[in-house]
Amino acid sequence: MSTQYVEAGVPAPLPLRTIGDIRAALLAGHGFPGDKEAFETDLQRALEGSSEADLTAVATVIVDYRGRIRLYQDPDFDTAVQEGIDLAMRVKREARGE
């Protein structure tokens, strides 16, 4: 039998197997600003544009928002974004000769 553990401060991943799971996560505040409303709009648009035999667009929306929720949960995401912003600012300063 193996023992599972969770690192301190790292939340357990949310179950995101169904559209209901994604909706619940977005309603609970997981995801980026506007994702809750955008998910419903994107899902509706994908459903309207899909045929009964091809739900690829619907699957794409689900995968996209599941990834967005996972990114939002990642404790290192904010740090990575800030590092990218700092790098871009440094490159701009260097290009201006500062």
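Up top is the structure.
Figured I'd write up the structure that's included with this text.

What counts, and at which threshold
- Numbers given to residues run from 1 along each chain, matching the order in which its sequence is written.
- A pLDDT threshold of at least 70 governs which residues receive local features in this predicted model, and a stricter bar of 80 or more applies before side-chain atom pairs are shown or counted, although totals over entire chains, interfaces and linings include all residues.
- Side-chain measures were taken over the full set of non-hydrogen atoms in the model, leaving aside hydrogen atoms and water.
- All axes are obtained by fitting lines to C-alpha atoms, using only the stretch in contact for helices, and the reported angles, taken between N-to-C directions, cover 0 to 180 degrees.
- Secondary structure follows DSSP: runs of H or I at least 4 residues long count as helices, runs of E at least 2 residues long count as strands, and numbering of each begins at the N terminus.
- Each crossing gets its handedness from the near helix: less than a right angle anticlockwise from the far helix is left-handed, clockwise is right-handed.
- Whether two residues touch is decided by their heavy atoms; if any such pair falls within 4.5 Å, the residues are in contact.
- For this classification, the nonpolar set comprises Ala, Val, Leu, Ile, Met, Phe, Trp, Tyr, Cys and Pro, the charged set comprises Asp, Glu, Lys and Arg, and every other residue, Gly included, is treated as polar.
- Only protein chains enter the calculation, and the probe is 1.4 Å; a residue is then buried if its accessible area is under 20% of its type maximum, exposed if over 50%, and partly exposed in between.

**Description of the packing of helix α1 (residues 19–27) against helix α3 (residues 56–73)**
Taken N-terminus to C-terminus, the directions of α1 and α3 make an angle of 40 degrees; their axes are 11 Å apart at the nearest point. The handedness of the crossing between α1 and α3 is left-handed. Along its contact with α1, which presents Ile 19, Ile 22, Ala 25 and Leu 26, the element α3 presents Ile 62, Tyr 65, Arg 66 and Ile 69. Partitioned by chemical class, the residues of the contact of α1 with α3 number 7 nonpolar, no polar and 1 charged.

**Some points on the side chain of Asp 35**
Along the polypeptide, Asp 35 turns up in helix α2 (residues 35–48). On the basis of relative accessibility, which here comes to 3%, the residue Asp 35 falls in the buried class. In contact with Asp 35, other than residues within four places in its own chain, are Leu 26, Tyr 65 and Arg 68.

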